[in-house]
Amino acid sequence: MGWHSRSELGEFRRPVLVGYVTRLETLLIILLFSVLFWVCSLWLRLPFFSVRSIMLWIISVTLFMNYGFVIIDYTARGLDKLPALSGELVFPTHDTRLFRVIGLSLVFFGIHESLEDQSARQAFVMASFFVYPIFFAVMIVSRNAGQLLNPVTLFG
């Protein structure tokens, strides 16, 4: 089963997550992303490397987020064996979740910046601590932004 297939979930199998962090493939993925983000940070400090660093940051964050979406999908299906990294994860043409998450974040940031009263900003930030993760989770799992308008889906 490919990471981009959208088959029915079927019966949930409880994954064995006790040794998940100590698996070799998980440790190699952590090492890969650590090195990628370290190189991005290092290049940002060097002169004449800012354009390369920005492009590497974009590719690294896109790969990181899209692989996170794959982990969420596989864990929701009860599968504990994750697929290998592939080039399709860098710029997937069929999956718009990353762009929807960016849009959701920009909407929250825009609302925050449009508020002029300091107490209103603080109240919005406190409410966002509860509402944003719910919106994020529903948007990632359902793949339908219209579900964010349904209160039963959000709080039920």
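Residues numbered from 1 in each chain as written. Predicted model: local features only at pLDDT ≥ 70, side-chain atom pairs only at ≥ 80, totals over all residues. Heavy atoms only, no water.

(A) Representation of the pattern of salt bridges. As enumerated under the stated definition, the model contains one salt bridge in all. Residue E113 pairs with R121 through a salt bridge whose shortest N-O separation is 3.5 Å. Owing to a relative accessible area of 40%, E113 belongs among the partly exposed residues under this scheme. For R121, a relative accessible area of 21% puts it in the partly exposed group. (Salt bridge = Lys/Arg side-chain N within 4 Å of Asp/Glu carboxyl O. Buried < 20%, exposed > 50% of the residue type's maximum accessible area, 1.4 Å probe, protein only.)

(B) Quick look at the environment of M55. Here M55 shows up in helix α2 (residues 50–76). Accessibility expressed as a relative area gives 46% for M55, which makes it partly exposed. Put simply, M55 and C40 are 15 residues apart on the chain and 9.1 Å apart in space, counted from C-alpha to C-alpha. (Helix = DSSP H or I, 4+ residues; strand = E, 2+ residues; numbered from the N terminus.)

(C) Geometry of helix α1 (residues 24–45). Over its 22 residues, α1 extends 32 Å from the first C-alpha to the last, a length consistent with the 32 Å expected when each residue adds 1.5 Å. Of all the positions in α1, only T26, I29, F33, L36 and C40 are classed as buried. The arc enclosing the buried residues of α1, seen along the axis, measures out at 95°, which places them on a common side. Away from the buried face of α1 by more than 90 degrees, exposed residues L24, L31, W38 and R45 are located. (Expected span 1.5 Å × (residues − 1). Arc of directions from axis to C-beta.)

(D) Looking closely at the layout of surface pockets. Reported here for the largest pocket is a volume of approximately 280 Å³. Forming the walls of the largest pocket are 17 residues, and the residues nearest its centre are T26, I29, Y67, I71 and L82. Secondary-structure elements contributing two or more residues to the lining of the largest pocket are α1 and α2. Counting residues per element, the lining of the largest pocket draws most heavily on α1, which supplies five residues. When its residues are assigned to classes, the lining of the largest pocket shows eleven nonpolar, two polar and four charged. (1 Å grid on protein atoms, 1.4 Å probe; cavity = no way out; pocket = protein on both sides within 12 Å on 5 of 7 lines; lining within 4 Å. Points joined across faces, edges and corners; volume = space filled by probe spheres on them. Nonpolar A, V, L, I, M, F, W, Y, C, P; charged D, E, K, R; others polar.)

(E) Molecular detail of helix α4 (residues 118–142). The terminal C-alpha atoms of α4 lie 35 Å apart, and with 25 residues this matches the ideal 36 Å at 1.5 Å per residue to within 8%. The axis of α4 is deflected most strongly, by about 40°, at S128. All buried positions along α4 are accounted for by F124, S128, F135, V138, M139 and I140. (Bend = angle between axes of the 7 residues up to and from the residue.)

(F) Fine view of the packing of aromatic side chains. Under the criterion given, the structure shown has eight aromatic pairs. Aromatic pair F33 and F37: ring centres 6.4 Å apart, planes at 25°, arrangement stacked. With F33 and F37 both in helix α1 and four residues apart, this pair spans about one turn of that helix. Since its relative accessible area comes to 22%, F37 is described here as partly exposed. Each ring, one from F108 and one from F135, has its centre 6.0 Å from the other, and the planes form 75°; the classification is edge-to-face. Residue F108 is located in helix α3 (residues 97–114), and its partner F135 is located in helix α4; the two are separated by 27 residues in the primary sequence. Among the aromatic residues, ring-to-ring pairing joins F108, F124, Y132, F135 and F136 into one connected group. (Phe/Tyr/Trp six-rings, centres within 6.5 Å; stacked < 30°, edge-to-face > 60°.)

(G) Quick peek at the nonpolar core. Residues I29, F33, L36, C40, L56, L63, Y67, V70, Y74, L79 and L82 constitute the largest nonpolar core, which totals eleven residues. Counting residues per element, the ones that place at least two in this core are α1 and α2. Ranked by residue count, the leading element in this core is α2, at five residues. With residues up to four places along the chain from it excluded, the contact list for I29 reads Y67 and L85. (Core = buried A, V, L, I, M, F, W, Y, C linked by side-chain atoms within 4.5 Å. Contact = heavy atoms within 4.5 Å.)

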